[in-house]
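Here is what each chain is made of, one letter per residue.
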Amino acid sequence: MRNKYDVLIIGGGVFGAAIFYYLSKNTSLTVCLLEQKKFCSGATRHSGGFIRMLHPSKKLSELAARSFKEYVNFKQNIGTSCGFVETGFTTLMKKSDFTLIKDNIKILRNLNIKIEIFDTASVVFNGTHFYIADDEVLLYEPNSGYADPFKVTMAYIEKGIELGGIAIEHHRVKNLIIDGDKVVGVQTDNKLFEYIQSNCVVVSAGVNTDKILSKNNIKKSNTSSNFFLRKQICLNIYSYPDKHTILPTFMDKVSGLYARNCGNGRCILGLTENLSLVEFQYKLYNIAKHVIPDFHKYTLYKTANTFESYTNDNLGISEFSDQIQGVFICSGWSGCGFKIAPECGKQAAAKISNFFNI
Ligand SMILES: Cc1cc2nc3c(=O)[nH]c(=O)nc-3n(C[C@H](O)[C@H](O)[C@H](O)COP(=O)(O)OP(=O)(O)OC[C@H]3O[C@@H](n4cnc5c(N)ncnc54)[C@H](O)[C@@H]3O)c2cc1C
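Before going into details, it helps to say that this report is about the structure given with it. This structure is a prediction, so every number in the text was calculated from the model and none was measured.

1. As for the overall build of the protein
When helices and strands are counted, the protein shows nine helices and 22 strands. What you see for the protein is a C-alpha radius of gyration of 21 Å, in line with the 21 Å of a compact globule of 358 residues. Principal-axis analysis of the C-alpha atoms gives the protein an extent of 65 × 40 × 40 Å. With 358 residues in all, the protein has 44% of them scored as buried.

The following block contains the structure:
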């Protein structure tokens, strides 16, 4: 541990970890990652880990497709498994919404991502019938699936350390230190290393990102009509009696329900809605019982109730601040950040290299 680094990263979630890894791998900059608790203790810890490609936004679809290739080659590149399981991914949506994302399908196909489109009355995946109404369409990504967010984050951090980076747990950043219009370091709650100097500070602190920025009146980046808000997201894991049942991985955009198996006779079930926990459980049960055969036999095993940061355009931010030189902001992809983190980390590292003219 030193008192000065080229780059300081605040936050050991999947984004901070990916940036840490790519900076350590692709540059000779000295890099230090500071995590206030244990690594991976924010939103990443509770993530469902879904990896799917098609999104309403072109930018997110492209980031997801490029990241997918990183996940598939993860073991080869990083040396550790990311726990990727190919399950295939179905998305049911209204035809009116489908017309809005048709161009994104072309973009993905150009990146060699397979997507099949069904508008027949019903289709069967893994023994489960999906019924498609006249005004609906079902999209199938045969190569999508899920990976393990904890494994991915830890693998990036461990590999970054192996490549010469420093990563420290239980080291909370209290403040950015600004001189004029430039960042010059951070103040931490660690008595031995209370002040650490750096002319480049990456803020990847999840829901705390806005708090850290607003202490220094940093509100906007130059790319996004952003605004950091907080959202509560619940992750529900259910146990079911027949361990051999394989629930297909799906997202039903009409009802909001999404699901995937997680092994050991358990599955993740969620809703894409921001409700109180009680309303959430009630609504989830009422939707799932119509969609999943024998749902009355399932029991709730665990609920994770957490917060995530997002921007009001849902596109997230991965840019230098246009207010304070040297502050790089990376946060805000509500509910979809894990699947795009590898490519975001790579692109962020490239932008930071440019900042240093290397
Ligand atoms: C329930 C749930 C399900 C999800 N499911 C999916 C999914 O299926 N697929 C998908 O792609 N995405 C999913 N997401 C979204 C995805 O997990 C997140 O977008 C992503 O993990 C965010 O990563 P992050 O690194 O930005 O934030 P975080 O993981 O929150 O990491 C931020 C880190 O910063 C640390 N920190 C905060 N303040 C400070 C400070 N002052 N000093 C030092 N450290 C600090 C925190 O302790 C934390 O470890 C889900 C999210 C949730 C909550």
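2. Notes on the site of the ligand
Around the ligand there are 39 residues in total, and G11, G13, G42, G206 and G337 lie nearest to it. Where the shell around the ligand is concerned, the elements lending two or more residues are α1 (14-26), α2 (43-46), β16 (229-239), β20 (299-310) and α9 (337-355). Considered class by class, the residues forming the shell around the ligand number 15 nonpolar, 19 polar and five charged. Built from parts of two domains, the shell around the ligand gets at least three residues from each of domain 1 (7-46 + 150-226 + 313-355) and domain 2 (86-143 + 228-310).

3. Observations concerning the nonpolar core
Counting 76 residues, the largest nonpolar core has I19 and F20 as the members making the most contacts within it. Each of two domains, domain 1 (7-46 + 150-226 + 313-355) and domain 2 (86-143 + 228-310), supplies a minimum of three residues to this core. Beyond its immediate stretch of four places on either side in the chain, I19 contacts I9, V202, S204, C330, G345, A348 and A349. Counting residues in each nonpolar core, the second largest holds 19 residues, with I233, L257, L271 and F280 among its members.

4. Some points on the packing of α1 against α9
The geometry of α1 relative to α9 is characterised by a closest axis approach of 8 Å and an angle of 40° between their N-to-C directions. Here α9 runs oblique to α1, going by the angle between their axes. Seen along the crossing, α1 lies across α9 with a hand that is right-handed. Residues V14, F15, A18, I19, Y21, Y22, L23 and N26 of α1 touch α9, and the partners they reach there are G337, F338, A341, P342, C344, G345, K346, A348, A349, I352 and S353. When the residues that make up the contact of α1 with α9 are grouped by side-chain class, the tally is 14 nonpolar, four polar and one charged.

About the criteria used
- Residues numbered from 1 in each chain as written.
- Predicted model: local features only at pLDDT ≥ 70, side-chain atom pairs only at ≥ 80, totals over all residues.
- Helix = DSSP H or I, 4+ residues; strand = E, 2+ residues; numbered from the N terminus.
- Rg over C-alpha atoms; globule rule 2.2 N^0.38 Å.
- Buried ≥ 20, exposed ≤ 12 C-beta atoms within 10 Å, placed from the backbone.
- Near = placed C-beta within 6 Å.
- Nonpolar A, V, L, I, M, F, W, Y, C, P; charged D, E, K, R; others polar.
- Domains from an automatic or database assignment.
- Core = buried A, V, L, I, M, F, W, Y, C linked by C-beta atoms within 7 Å.
- Contact = placed C-beta atoms within 7 Å.
- Axes fitted to C-alpha atoms, helices over the stretch in contact; angles between N-to-C directions.
- Parallel < 35°, antiparallel > 145°, perpendicular 65-115°, else oblique.
- Left-handed = near helix turned anticlockwise from the far one by under 90°.

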